[in-house]
Each structure stands twice: as C-alpha cells, then as structure tokens.
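# What the coordinates show
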Amino acid sequence: MVRAVDGVDISVNRGETVSIVGESGCGKTVTAMTVLKLIAMPPGRIMAGKILFEGRDLVPMAPDEMRAIRSKQIGIVFQEPMTSLNPVYTVGQQIAETVRHHEGLSKRAAFDRAAEMLSLVQIPNPQKRVHDYPHQFSGGMRQRVMIAMALSCNPKLLIADEPTTALDVTIQAQILELMNEMKQRLGMSILLITHAMGVVAETSQRVIVMYAGKVVEDATVENLFANPRHPYTQGLIRSIPRIDLAATTHTRLEAIPGSVPSLLNPPRGCRFAARCRYATEACTLAEPPLREVAPGHKVACIL
Ligand code: SF4
C-alpha cells in the first residue's frame, strides 16, 4: 500500500491564495485531487480524516452531491487545458453547458453568459470567439477559456494545478495576473499547486511545502522567503534564479541532490534525510512532527 499523502492538514481562508509547493512526486496533486474527491477510487482511498468545505465534511458525501459542489462551488483549472476541453464542441457550448446544468438558464442566456465569461478573462472579441473550437485558441488563450469555465458558476474556491507550467514565461505572468484579478473581483479563495517558487512569491499569502507525501513547512509567504526553516525549503529557494545577484556576482544556482524517495517503501525517520546537508543519525530514528516554531510558522525538522 502506498500512502501518497499522509497526515496533511491544510486550511484555506476566504479570499486567500494558498500554494502547495514541492517537486514532482511530493503529493501536491494527490492532495488537491483528494479535496475534490477526484482520485480514482478504487484503487485510491481516503483512509481517514476530514475535508471541511464551508463547514461540511466532503468525505462521506454522495457522488451526486459532490459533483454539484465540484462544479458550482469549487472550480478547477488543470495544467493542460486540452485534456479538459472537449475538442468537438465550441468553447461557448462547453461553458454554456456548465451554466445551464447548474443554474437552469435558457440556451440563449447561457450562451450570453459564456460570452460574458470570455470577456471577463480578457479574450478579445468574445461574441465571435464563443463559436470557436479549442484548437482555434493559442495555449495561453485556452488557459483563459479554462479559467472562464471554472469561474462560470461563481465558485468559492478555485483549485489550480500547475496552471502556467505548459505556457511560456510572458504568458505565464499574464495568467497569474488574471487569476489574482479574478480572485479580488469575485472574492474567492485559490489553492494553487506549483513546483515554481517564483509563482508562489507572486501569488500567495500562505505556502505549504510538501515532501514525499508530508507537509514539511507551512508559513506566510513573507516568512517563508525571509526565514525558510526546513532544509528542503531552503534548497527550493536556493534553486531560484536571482536577478539582483546575477548582475553583480557569479553565483551558481544550486540544485538539491538526489530525488524524492519511493512512497512504496518510505525511509524511516525524516523522509528528506538522504538529501539533507544537516542530517545526523538522530534524523533517521523517528519522523519529525510538524511543530509551530513561530506564530503561524510550522516546520517538521528536528533542528
Ligand atoms: Fe534534515 Fe534532519 Fe531536519 Fe530531516 S530532520 S530536514 S534530515 S536536519
């Protein structure tokens, strides 16, 4: 049995953006999919715990009720919009279908709403573009369509899984800016899954750092960058290019040596020990618990 995510405790307050950050295989996406109850069951299983959304536990919720919550109250944006958009329907039909299903609008009103949503995410000429198919949009525009679709029912929470990873850098910045703007305009919360610390710095109020299925650090974005306490977080931050240093020094970017351990047979004690420059024998004896080291700043490290 693999425990892909183990003992994770995350909260997202109203109007807040919380990022979950870590390398591939750290459990970020499984965490988000679990919140949405979209992990394949079986073989996936939520063995214990609660997922509280607006005071209700989603874990025992029936599939129909969960489906309604997913599309009406929790919006989802994935990394590659082409896997979520249906290539044989126009984007207008797809957005209209979502709002018709959940708000019972007439066909005409739903199509008008689709055009409004495209306009909201700044797609030029929305009245015309609702009649286009996904392949007629560029990568960045397709991601805007996905955001429009996710926001069409006015969700309280938007879960965005690596929403900018497949895009080039200038388009990434535009999409992040758009998400920030939408958050402020619609008053929703965002749970952002990313491996990019630069994206975290630009978008989030709070950051959860995950390693091998566990939360290793949880802090405000200011604390995390000013005073990263976990050696893994420190390594992630050291691997970000610094424009201010690059101009004056010849510092090399540091990579974290090694890779994330297999969760089939996770190591005893601290899961990061094999890659940690401060590891001692004590680190391998027991798993370090997540402890509060300063107000609102939690770390799982014996140091
Ligand atoms: Fe490194 Fe030990 Fe801290 Fe783990 S517990 S991060 S191995 S110092």
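Residues numbered from 1 in each chain as written. Predicted model: local features only at pLDDT ≥ 70, side-chain atom pairs only at ≥ 80, totals over all residues. Heavy atoms only, no water.

- The name an unreviewed UniProt entry gives the protein is ABC transporter ATP-binding protein, with Sediminicoccus rosea as the organism.
- Recorded in UniProt under Sequence similarities (unreviewed entry), the annotation for the protein is "Belongs to the ABC transporter superfamily."
- Turning to the protein, the UniProt annotation filed under Subcellular location (unreviewed entry) states: "Cell inner membrane". (UniProt positions renumbered as here; feature names shortened; annotations may be inferred.)

### What about the overall build of the protein?
- Looking only at helices and strands, the protein has 11 helices and 10 strands in total.
- Its C-alpha atoms give the protein a radius of gyration of 21 Å, within 12% of the compact-globule value 19 Å for 303 residues.
- Expressed as a percentage of its 303 residues, the buried residues of the protein come to 46%.
- A sequence separation of at least 24 residues applies to 62% of the contacts in the protein between residues at least 6 apart.
- Taken as a whole, the protein presents about 15,600 Å² of accessible surface, with 54% of it coming from carbon and sulfur. (Helix = DSSP H or I, 4+ residues; strand = E, 2+ residues; numbered from the N terminus. Rg over C-alpha atoms; globule rule 2.2 N^0.38 Å. Buried < 20%, exposed > 50% of the residue type's maximum accessible area, 1.4 Å probe, protein only. Contact = heavy atoms within 4.5 Å. Areas by Shrake-Rupley, 256 points an atom, 1.4 Å probe, with all protein chains shown as cover.)

### Focus on empty space enclosed by the protein
- Scanning the model with the defined rule gives 2 cavities of 30 Å³ or more in all.
- Of the voids in this model, the largest cavity is the one considered here, and its volume is about 100 Å³.
- Its residues assigned to classes, the lining of the largest cavity shows 12 nonpolar, 1 polar and no charged.
- Of the volumes computed, that of the second largest cavity is approximately 40 Å³.
- Contributions of two or more residues to the lining of the second largest cavity are made by helix H7 (169-186) and strand S6 (189-194).
- Taken together, the residues that form the lining of the second largest cavity break down as 4 nonpolar, 3 polar and no charged. (1 Å grid on protein atoms, 1.4 Å probe; cavity = no way out; pocket = protein on both sides within 12 Å on 5 of 7 lines; lining within 4 Å. Points joined across faces, edges and corners; volume = space filled by probe spheres on them. Nonpolar A, V, L, I, M, F, W, Y, C, P; charged D, E, K, R; others polar.)

### Some thoughts on the sheet that holds strand S9 (residues 291-294)
- Strand order in the open sheet made by the 8 strands is S4-S5-S6-S1-S7-S8-S10-S9, with mixed pairing throughout. The open sheet terminates on both sides in strands that have one partner only, identified here as strand S4 (74-77) and S9. When the angles between neighbouring strand axes are averaged without regard to direction, this sheet yields 20°.
- Examined bridge by bridge, strand S7 (residues 206-211) and strand S8 (residues 214-220) share 6 bridges and lie antiparallel to one another. Residue pairing across strands places Met-210 opposite Val-215, the latter belonging to S8. (Pairing = 2+ DSSP bridges. Axes fitted to C-alpha atoms, helices over the stretch in contact; angles between N-to-C directions.)

### Description of unusual backbone geometry
- The residue Gln-122 is not glycine, and still its phi comes out positive at about 60°.
- Here Gln-122 is to be found in the loop between helix H4 (107-120) and helix H5 (126-129).
- Accessibility expressed as a relative area gives 40% for Gln-122, which makes it partly exposed.
- Positive phi, close to 45°, is recorded for Glu-162, a residue that is not glycine.
- Among the structural elements, Glu-162 can be located in the loop between strand S5 (157-161) and H7.
- By relative accessible area, Glu-162 is classed as buried at 9%.

### Details of the pairing of strand S1 (residues 17-21)
- In terms of burial, S1 is a largely internal element, 5 of the 5 residues being buried.
- A two-sided burial pattern is seen for S1, the buried positions comprising Thr-17, Ser-19 and Val-21 on one face and Val-18 and Ile-20 on the other.
- Bridging between S1 and S6 involves 5 bridges; their strand directions are parallel. Following the sheet pairing, Ile-20 is matched in S6 by Ile-193.
- Where S1 meets S7, 4 bridges bridge the pair, whose relative direction is parallel. By the bridge assignment for S7, Val-18 is matched with Arg-206.

### Description of the site of the ligand
- Surveying the vicinity of the ligand reveals the residues His-230, Pro-231, Cys-270, Ala-273, Cys-276, Tyr-278, Ala-279, Cys-283, Pro-288, Cys-301, Ile-302 and Leu-303.
- When each cavity is represented as a set of grid points, the ligand is found to reside in the largest cavity.
- Classifying every residue of the shell around the ligand by side-chain character gives 11 nonpolar, 1 polar and no charged. (Near = heavy atom within 4 Å. Sits in = over half its atoms within 2 Å of the grid points.)

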